[in-house]
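Each chain, written out:
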Amino acid sequence: MNIASLRPGIPGELKYTRTHEWAQLMDDGTLRIGITEHAQDLLGDMVFVELPAIGRHVAAAQECAVVESVKAASDIYSPVAGEVVAINEALTSHPELVNKDPYGEGWIMRLKPGNGADLSGLLTAAAYAELIAAEAH
Amino acid sequence: MGKKTPLYDWHAAMDGKIVDFGGWDMPLHYGSQIEEHHAVRRGVGMFDVSHMTIVDLEGTQVRSFLHYLLANNIDRLKQPGKALYTCMLNEGGGVIDDLIVYFINDQWFRLVVNAATHDKDLAWLERHANAFQVRVTEHQDLAMIAVQGPQARDVVHTVLGTAVKEAIAALAPFNSRQVGDIFIARTGYTGEDGYEVILPGDQATDVWRRLHATGVKPIGLGARDTLRLEAGMNLYGADMDENITPLECGLDWTVAWEPATRDFIGRAALETQRKNGVKHKLVGLILNQKGVLRNHQHVIVEGRVCGEITSGTFSPTLGQAIAFARISTESIGANTDNSCEIDMRGRLVAATVVKPPFVRHGKSCLEAPASGA
């Protein structure tokens, strides 16, 4: 059975991390970043989101934000190295956007990949679907 | 695979997120536990609490048995139907369970005890009932639905019909009544008005569906926990257990010391503790900044760890984190401004010690801190 094709909530055009972030390559070369549908479902209702400062430089896999739900506080790791160029201020007063629309209104930040930032290590939708299917067993 | 209540299929069909609770497969939420929380504070919600254990105690000596078994005194129940919250203690004064006892008649009392403590509770009851020739009957045939919120009583009156409405409309808080094969109590675990309805398991789904059809929102265990913590109510296994006495978990008020001649299990240990001074105390905490207080985080007063959080959560009503913490009695008076710090993921964050409850009947119970004091 092809799990990837059956699993909803994993848009094919995005890239994913093993720590349940997604990244979308925008026309201007920046990456829009958030957490996956699977991650928000595991965490439950969000109550606070701690955003990074604009202009901050982060390394790949470095902690750069915190989402805190009724269940747990969870670090967000940057998918690649780069500079934070925008943050989703709406999450400060409406953290529930992460639950309601994790790939849209619930985005967390935009990152300008640094020189030599490597996107090839990120997971495809199919690979991410396999990862969470494996976690369920 | 855990045990399932008669309403399990409904929860699963409505996309309830199912989790294990004390060996039962129960709904944590049906989408958003915060929305469910607000529904109970602002309107009405219903909980499947059929996992809780319902035990009837019958016999001519049932009063004597309960005088001996419970730390609170059933003689406080003057009229049939009255209910009482109490702890059941071991010889050391530790809490075996907390429960509600209902006075049905002089030879028949009903207990509702926790699900997770089912086996040890039943064993304890059986062990001590023999000497009083009291019959212990567990009702696995019964289901239990709690309907809570400012609109709860109205919807129950509508759904259960005129005969039931006439029988229960004048029921005072902490009173109950049997109407046909339905037992209805004006009790709950949310800090809101409402009923707990005990009914035959095969009628549960029908009543639940009818409540749902009138707009009553189903509420999972997640919101049940935030509602009870806002209301300042203890959770067994988190805020107290067999190594904690009622005096150490904020339940002093449930211990009936008078008459001094009543010898209940655990009394001697409690007397000793009271004489020597209680070393730990349960207090309320609020966090005045972002973040969520979590179970087992350390509480620090003047640089020293003086206890830990026993129940911590985000309060949807207040929009900030709240908690119960057990801290050493001597640390409480140390700071006149009631300030303390919490070790949150390696960071020290300021919190304030307050007296629970945090919320009652939809309103904050916290007073604005006195300025310039």
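The structure displayed is predicted, hence computed values, not measured ones. (Residues numbered from 1 in each chain as written. Chains lettered and ligands numbered in written order. Predicted model: local features only at pLDDT ≥ 70, side-chain atom pairs only at ≥ 80, totals over all residues.)

A. View of the overall build of chain A. When helices and strands are counted, chain A shows five helices and nine strands. When the helices and strands of chain A are listed from N to C terminus, the series reads α-β-β-β-α-β-β-β-β-β-α-α-β-α. Computed over C-alpha atoms, the radius of gyration of chain A comes to 14 Å, within 12% of the 14 Å expected from 2.2 N^0.38 for 137 residues, which places it in the range of a compact globule. Over its C-alpha atoms, taken along the principal directions, chain A stretches across nearly 45 × 35 × 25 Å. (Helix = DSSP H or I, 4+ residues; strand = E, 2+ residues; numbered from the N terminus. Rg over C-alpha atoms; globule rule 2.2 N^0.38 Å.)

B. Representation of the overall build of chain B. If you tally the helices and strands in chain B, you get 10 helices and 21 strands. The C-alpha radius of gyration of chain B comes to 21 Å, within 12% of the 21 Å expected for a compact globule of 373 residues. Out of the 373 residues belonging to chain B, those deemed buried represent 46%. Across chain B, every contact between residues at least 6 apart in sequence was considered, and the portion connecting residues at least 24 apart equals 68%. (Buried ≥ 20, exposed ≤ 12 C-beta atoms within 10 Å, placed from the backbone. Contact = placed C-beta atoms within 7 Å.)

C. Here's a closer look at the environment of Glu91 of chain B. Residues and elements named next belong to chain B. Along the polypeptide, Glu91 turns up in the loop between strand S5 (83–89) and strand S6 (95–105). When the C-alpha positions of Glu91 and Gly266 are compared, they lie 4.3 Å apart, and in sequence the two are 175 residues distant. If near-sequence neighbours (up to four positions away) are discounted, Glu91 is found in contact with Ile265, Gly266 and Ala269.

D. Main features of the interface of chain B and chain A. Counting from both sides, the interface comprises 10 residues of chain B and, opposite them, seven residues of chain A. Among the elements of the structure, helix H2 (33–42) and strand S16 (304–315) of chain B are those that each provide at least two residues to the side of chain B that touches chain A.

E. Structural detail: the pairing of strand S9 (residues 109–113) of chain A. Residues and elements named next belong to chain A. Taking burial as the measure, the five residues of S9 include four buried ones, the bulk of the element. Alignment of strand S3 (residues 31–35) against S9, held across three bridges, turns out to be antiparallel. Considered in S9, the bridge of Ile33 is made with Met109. Where strand S8 (residues 82–87) lies against S9, five bridges are found, and the strand directions are antiparallel. Bridge pairing links Val84 to Leu111 in S9. (Pairing = 2+ DSSP bridges.)

F. Representation of the domain arrangement of chain B within the structure. All names here are of chain B. If you check the domain split of chain B, you get domain 1 (8–49 + 140–230) and domain 2 (279–373). The C-alpha-based centres of domain 1 and domain 2 are spaced at 30 Å. Tallying the contact residues gives 12 residues for domain 1 and 12 residues for domain 2. For the side of domain 1 that touches domain 2, the secondary-structure elements that each account for two or more residues are H2 and helix H8 (221–230). The dominant element in the side of domain 1 that touches domain 2, judged by the number of residues it contributes, is H2, at five residues. (Domains from an automatic or database assignment.)

G. Structural detail: unusual backbone geometry. Residues and elements named next belong to chain B. A cis amide bond links Glu258 with the next residue in sequence, Pro259, at an omega value of -5 degrees. A cis amide bond links Pro356 to the next residue, Pro357, at an omega of 5 degrees. Phi at Asp15 is positive, roughly 60 degrees, even though this residue is not glycine. Note that Asp15 resides in the loop between helix H1 (8–13) and strand S1 (17–21). At His296, a residue that is not glycine, the phi angle is positive and equals roughly 75 degrees. With respect to the helices and strands, the residue His296 is situated in the loop between strand S14 (280–287) and strand S15 (298–301). On the basis of neighbour counts, which here come to 9 C-beta atoms within 10 Å, the residue His296 falls in the exposed class.

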